[in-house]
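Chain by chain, the residues run as shown.
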Amino acid sequence: MSGLAALVVAPEAKIYDHGMRHPLRPLRVVLTWDLIAAYGLDRVPGVSQLGAEPADDDTLMLVHTRDFLDATREAGHGADGPWGRFGYGPGDNPIFDRMHEAGAIVAGASVEAARAVLTGDVAHAFNAAGGLHHAMPDRASGFCVYDDPAIAIAWMLQQGAERIAYVDVDVHHGDGPQAIFWNDPRVLTVSIHEYAPELGFFPGTGALSERGGPDAPGSAVNVPLAPGTSDDGWLGAFRAVVPPVVRAFSPDVLVTQLGCDTHASDPLAHLGLTTGAYRQAAVVLHELAHEAAAGRWVATGGGGYQWATVVPRAWTLYFAEMAGATLPDELPESWIERAEFELRAAVPATLSEPASHRSPADDEAPDVAAAVMRGWAEVDRAEQVTARPHEDEGGP
Ligand SMILES: [Zn+2]
Ligand SMILES: [Zn+2]
């Protein structure tokens, strides 16, 4: 292993831009790269920076259909067509200029992170522009054009990886990778998220009872948390579920989607996390990568709509953990100036912030985690029962 960690920086990913009135702002990624550089994390010994090329059609088609690629390409070049069928139109997924090229560079950056880790060039690699986990094989969804985490996973399987664990900490259910690998026993998907279908909270899937298809029972694990869950409840459930299920799966590679729309101030969701939770989640995931996946950790960004005040701090904390670096709590002055110029308002001056207040939902979280683990153990037992007759088939 020649390197500790790599940051994938693809400046062209800035074209992934739904427009000024859309919550997913490309500046969130640019300000993350800037904060990582302002801290000097990119110059830590063992840390490298990688560029990326757009993923080609064959790579995108490991997950997506030809029709969807063609529609995305044509719609993004101004052609008229039945684009609503592919998820495009007013609302979450407006058609924007060069959509195909934008989605392809984001996917290419996640594949580059996967390549660097799978070949052993580096132990950990992070594509902050990635994590577009709602896109489905034949349609865009939830601001996501191409499903870069699923594409990176499919690409690693094609390259010979046998087992991959995907852990999704975005506030929204990781429905794309779960659906894409639903019936594939080679991929474990674990998602911890806000779950409130009665309130119409997006995407509405991610119930505890979703556990994988008939050929892959137990390959999906969901931790659905109530609105209002804050640091204590979230971290307790995360620690109770994620390490044991990933360890038991024993993956070749750990892939994580690090959405930070779980933050108390996020405008699109209702959890109450603070940066302290991200710092601790990063430590747990890092230890897990070394303990369960020989250190191989491919990380992507994800949701997070406080694009100046939260996202860059959250993802810098994660990348510092990957790089094994300890950062001064005070943010570099040069970065604060840049961020405040873009936001036209004040940004926090430190990585840390006051811990969140406990809410009644925090008291429910341990019960949710216990129910998840009971369900997981039941699937495991059922598997062994059905597996036994096969073992006896060649008997005397
Ligand atoms: Zn999200
Ligand atoms: Zn490490």
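Details of the structure are given in the entry above.
What comes next is a walk through the structure.

About the thresholds
- Residues numbered from 1 in each chain as written.
- Chains lettered and ligands numbered in written order.
- Predicted model: local features only at pLDDT ≥ 70, side-chain atom pairs only at ≥ 80, totals over all residues.
- Heavy atoms only, no water.
- Buried < 20%, exposed > 50% of the residue type's maximum accessible area, 1.4 Å probe, protein only.
- Helix = DSSP H or I, 4+ residues; strand = E, 2+ residues; numbered from the N terminus.
- Core = buried A, V, L, I, M, F, W, Y, C linked by side-chain atoms within 4.5 Å.
- Contact = heavy atoms within 4.5 Å.
- 1 Å grid on protein atoms, 1.4 Å probe; cavity = no way out; pocket = protein on both sides within 12 Å on 5 of 7 lines; lining within 4 Å.
- Points joined across faces, edges and corners; volume = space filled by probe spheres on them.
- Nonpolar A, V, L, I, M, F, W, Y, C, P; charged D, E, K, R; others polar.
- Donors = N, O, S within 2.8 Å, 3.2 Å for Na, K, Ca; no water.
- Phe/Tyr/Trp six-rings, centres within 6.5 Å; stacked < 30°, edge-to-face > 60°.

Burial analysis of helix α5 (residues 148-158) places 10 of its 11 residues in the buried class, which makes it a mostly covered element. Three or more residues of α5 are buried, namely D148, P149, A150, I151, A152, I153, A154, W155, M156 and L157. Backbone geometry just downstream of α5 places G160 in the positive-phi region, at approximately 115°.

Below, the discussion takes up the nonpolar core. Soluble globular proteins tend to bury their nonpolar side chains together. With 135 residues, the main nonpolar core has W234, V246 and Y318 as its most contacted residues. For this core, the element with the most residues is helix α4 (residues 99-118), which contributes 12 residues. With near-sequence residues (within four places) excluded, W234 lies in contact with V169, I192, L225, T229, T262, L271, L273, A281 and D362.

Along the polypeptide, I180 turns up in helix α6 (residues 175-180). On the basis of relative accessible area, I180 is assigned to the partly exposed category, the value being 21%. For the pair formed by I180 and R115, sequence separation is 65 residues and the distance between their alpha carbons is 21 Å. Residues contacting I180, with those up to four places away along its chain left out, are V63, A135, P137, D147 and A150.

Next up on the list: empty space enclosed by the protein. Summed over the entire model, instances satisfying the criterion amount to three cavities of 30 Å³ or more. The volume enclosed by the largest cavity comes to roughly 130 Å³. A13, Y16, P26, V29 and A129 are the residues nearest the centre of the largest cavity, which is lined by 13 residues in total. By residue number, the principal contributor to the lining of the largest cavity is helix α1 (residues 27-38), which donates four residues. A per-class count over the lining of the largest cavity returns 10 nonpolar, no polar and three charged.

Taken together, the protein ligands of the zinc ion (ligand 2) are H124 (NE2), H286 (NE2) and H290 (NE2), with distances of 2.1 Å. The sequence pattern formed by the donor residues of the zinc ion (ligand 2) is H-x161-H-x3-H. Taken as a pair, H124 in strand β3 (residues 122-127) and H290 in helix α8 (residues 275-292) lie far apart in primary sequence, 166 residues in all. Since its relative accessible area comes to 1%, H124 is described here as buried.

This part is about the coordination of the zinc ion (ligand 1). All of the protein donors around the zinc ion (ligand 1) are D170 (OD), H172 (ND1) and D261 (OD); their distances to the metal are 2.0 to 2.1 Å. Ordering the donors of the zinc ion (ligand 1) by residue number gives the pattern D-x1-H-x88-D. Note that H172 is positioned in the loop between β4 (164-168) and α6 and D261 in the loop between β7 (253-257) and α8, a separation of 89 residues in sequence. Take D261: its relative accessible area is 0%, and that puts it in the buried class.

Below, the discussion takes up the packing of aromatic side chains. Summed over all chains, the structure comprises nine aromatic pairs. Their ring planes at 90° and their centres at 5.7 Å tell us that F68 and Y146 sit as a pair that is edge-to-face. Here F68 is found in helix α3 (residues 66-75), whereas its partner Y146 is found in the loop between β3 and α5, with 78 residues between them in sequence. Among the residues examined, Y146 registers a relative accessible area of 0% and is labelled buried. Residues F126 and W315 carry aromatic rings whose centres are separated by 6.4 Å and whose planes lie at 80° to one another, so their mutual orientation is edge-to-face. With F126 in strand β3 and W315 in helix α9 (residues 311-323), this pair connects stretches of sequence that are 189 residues apart. An aromatic cluster is present here, built from F68, F86, Y88 and Y146 joined pairwise through their rings.

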